[in-house]
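What follows is each chain in one-letter form.
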Amino acid sequence: MKLSIFALSTSVIGGLALPKKPKGPDFSLAGYAKDNPVGTTTGGASGETVTVTTPSALTSAVAGTTPRTIYLSGTFNLTSRLSIGSNKSLIGKGAGANILSNGFNIKSQSNVIIRNLGIRGITGNDGITIQNSTRVWIDHNEFESGNFPAAGPDEYDGQCDIIRASDWITVSWNYFHDHWKSSLIGNSDALRDVDQGHLHVTYHHNYWRNEGTRGPAGRFGHQHIYNNLYEDFLYQAIHSRSDNQVLVEGNVFRGKTAEALSTYGLVIPEDSPNTSPDGDYELDGFANLGSKNDWGSATINITQVGNFTKAPYKYKLTALKEVAANVKAGAGLGKI
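A quick note: this is a predicted structure, and the numbers were derived from the prediction, not measured.

A.B. asks: Sorry, what's going on with the overall build of the protein here?
C.D. replies: Counting secondary structure elements, the protein contains four helices and 26 strands. Against the 2.2 N^0.38 benchmark of 20 Å for 336 residues, the protein shows a C-alpha radius of gyration of 21 Å, consistent with a compact globule. C-alpha atoms of the protein, sized along the principal axes, occupy 90 × 45 × 40 Å. A buried classification covers 54% of the 336 residues belonging to the protein. For the protein, the share of sequence-separated contacts (at least 6 apart) that also reach a separation of at least 24 residues comes to 61%. On the protein, roughly 14200 Å² of surface is accessible, and the fraction owed to carbon and sulfur atoms is 52%.

A.B. asks: Can you help me understand the environment of Gly127 in this one?
C.D. replies: Examined against the element boundaries, Gly127 turns out to sit in the loop between strand S9 (117-120) and strand S10 (128-131). Sequence spacing of Gly127 and His204 is 77 residues, and the spatial spacing of their C-alpha atoms is 19 Å. Sequence-distant contacts of Gly127, defined by excluding residues within four places in its chain, comprise Arg81, Gly103, Phe104, Ile119, Ile122, Gly158 and Gln159.

A.B. asks: Honestly, the side chain of His179 in this entry has me stumped. Any pointers?
C.D. replies: Looking at the secondary structure, you find His179 in strand S15 (residues 175-181). Owing to a relative accessible area of 4%, His179 belongs among the buried residues under this scheme. Here His179 is in contact with Ser145, Phe148, Tyr156, Asp157, Gly158, Gln159, Asn210, Glu211 and Gly212, once residues within four sequence places are set aside.

A.B. asks: I would appreciate a short explanation of the side chain of His177 in the present structure.
C.D. replies: Residue placement: His177 occurs in strand S15. Setting aside chain neighbours within four positions, we find His177 in contact with Glu142, Phe143, Glu144, Ser145, Gln159, Arg209, Asn210 and Glu211.

A.B. asks: I would appreciate a short explanation of the UniProt feature "domain: Pectate lyase" (unreviewed entry) in the protein in the present structure.
C.D. replies: The feature "domain: Pectate lyase" (unreviewed entry), as annotated in UniProt, sits at residues 45-259 in this numbering. Secondary structure content for residues 45-259 is 6% helix and 52% strand, while the C-alpha to C-alpha distance between its ends is 40 Å.

A.B. asks: For this particular structure, what's the right way to read the nonpolar core?
C.D. replies: Soluble globular proteins: nonpolar side chains tend toward being buried together. Judged by nonpolar contacts, the single largest core of 48 residues is most densely connected at Leu58, Leu72, Phe104 and Ile128. By residue number, the principal contributor to this core is strand S21 (residues 229-241), which donates four residues. Beyond its immediate sequence surroundings of up to four residues, Leu72 is in contact with Val52, Leu58, Leu90, Ile91, Gly92, Lys93, Ala97, Ile99 and Leu117. Core analysis: the second largest hydrophobic core is formed by nine residues, Tyr175, Leu229, Val252 and Val323 among them.

A.B. asks: Where do I start with the sheet that holds strand S25 (residues 286-289) in this structure?
C.D. replies: Strand pairing in a sheet takes place through backbone hydrogen bonds and is either antiparallel or parallel in direction. Read from one edge of the open sheet, 10 strands run S1-S2-S5-S8-S11-S14-S17-S20-S22-S25, paired in parallel fashion. A strand with exactly one partner marks an edge of an open sheet, and here the two such strands are strand S1 (48-52) and S25. The mean angle between the axes of side-by-side strands here comes to 10°, regardless of whether they run parallel or antiparallel. Direction of pairing for S1 relative to strand S2 (residues 68-72): parallel, over a ladder of five bridges. Note that in S2 the partner of Val50 across the bridge is Ile70. Packed onto the sheet, helix H2 (residues 55-62) meets S1, S2 and strand S5 (88-92) and runs at close to 165° relative to S2.

A.B. asks: What exactly am I supposed to notice about the packing of aromatic side chains here?
C.D. replies: Pairs of aromatic rings are described using the distance from one ring centre to the other and the angle between the two planes. Throughout the structure, instances matching the rule amount to 17 aromatic pairs. With 6.1 Å between their ring centres and 35° between their planes, Tyr203 and Trp208 make a pair best called tilted. Per residue, the accessibility class of Tyr203 equals that of Trp208, and both read buried. Each member of the aromatic cluster is reached from another via a ring pair, and the members are Phe143, Phe176, Tyr203, Trp208, Tyr230, Phe233, Phe253 and Trp295.

A.B. asks: What should I look at first to understand unusual backbone geometry in this one?
C.D. replies: Leaving glycine aside, a negative phi is the common case for residues, and trans is the common case for peptide bonds. A cis geometry characterises the amide bond from Phe148 onward to Pro149, with omega recorded as 5°. Considering the arrangement of structural elements, one finds Pro149 in the loop between strand S12 (142-144) and strand S13 (160-163). Of note, the amide linkage connecting Gly215 to Pro216 takes the cis form, showing an omega dihedral of -10°. Structurally, the position occupied by Pro216 is in the loop between strand S18 (207-213) and strand S19 (217-219). Positive phi, close to 75°, is recorded for Ser101, a residue that is not glycine. On the secondary structure map, Ser101 appears in the loop between strand S6 (97-100) and strand S7 (104-107). With a phi close to 60°, Trp168 is a non-glycine residue in the positive phi region. Within the secondary structure, Trp168 is located in strand S14 (residues 167-172). Given the relative accessible area of 15%, Trp168 is considered buried.

What counts and how
- Residues numbered from 1 in each chain as written.
- Predicted model: local features only at pLDDT ≥ 70, side-chain atom pairs only at ≥ 80, totals over all residues.
- Heavy atoms only, no water.
- Helix = DSSP H or I, 4+ residues; strand = E, 2+ residues; numbered from the N terminus.
- Rg over C-alpha atoms; globule rule 2.2 N^0.38 Å.
- Buried < 20%, exposed > 50% of the residue type's maximum accessible area, 1.4 Å probe, protein only.
- Contact = heavy atoms within 4.5 Å.
- Areas by Shrake-Rupley, 256 points an atom, 1.4 Å probe, with all protein chains shown as cover.
- UniProt positions renumbered as here; feature names shortened; annotations may be inferred.
- Core = buried A, V, L, I, M, F, W, Y, C linked by side-chain atoms within 4.5 Å.
- Pairing = 2+ DSSP bridges.
- Axes fitted to C-alpha atoms, helices over the stretch in contact; angles between N-to-C directions.
- Phe/Tyr/Trp six-rings, centres within 6.5 Å; stacked < 30°, edge-to-face > 60°.

Set out below in structure tokens:
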């Protein structure tokens, strides 16, 4: 029996092992918010799912500790800071929802997820403040204020600050840009007794562009910082001080980034020149380098090597040569 050309082609193709479609980035939870002594961060996964379109509906949905997944649609111009209760997932729909004017407090809570939100132009406080809280995942958000550096270091506060004995947190695949002071861990060198033994934070695959300082800056804790991309981080990116420990691996620095990593205790004048024109001196921190980093033209200043040499969980490093492309493609809104 004669086969037609079409049938022959089909039978040949059917007998071949066709190439597998390349896998995209793994956006699943990794790091301290997944692997910790308390349990994996699940947010509102075990509860009801609601969609909100107004600030008042959002305020009601995030209250209390009942598990709830909350999808945000549209723009939310908040008239006051939003306090988020335990066991909540806040997820922007589609290309992302926007949060304006006032940001979020996660205070004395546990098990919170925030994803796919644009947190923009927050004045008078941080975009997100995590205080005395555990198991928090901040993922695929965009943080920006605009008018940087003309706005000055004290016009806006932090983009995502983690303070007062908070613990077991992952900050991943976010796009931080056009802002002076990005992410502070431990907000005072006078709070050693409160913070020490806590502040375990993973930062991975974040894209920092056109920023000033604190990418991140930590006191008294342990931060695993891997596969992040820094472009034009103008003054000081990773700063470990006041006995803080960082494990830094597989990061890429480009553009006008001045200092990629420092453990010297001086809080540089550019961090807050309006309040500390000569800088503030604290105890030095510690740093260890794991997988190779690409420092670009930026300097590093490691005054003390620490004992945080290996993360206590499984994770997969992106190859250094692929970090820039993967982070640009995967970080920020509309990717999950």
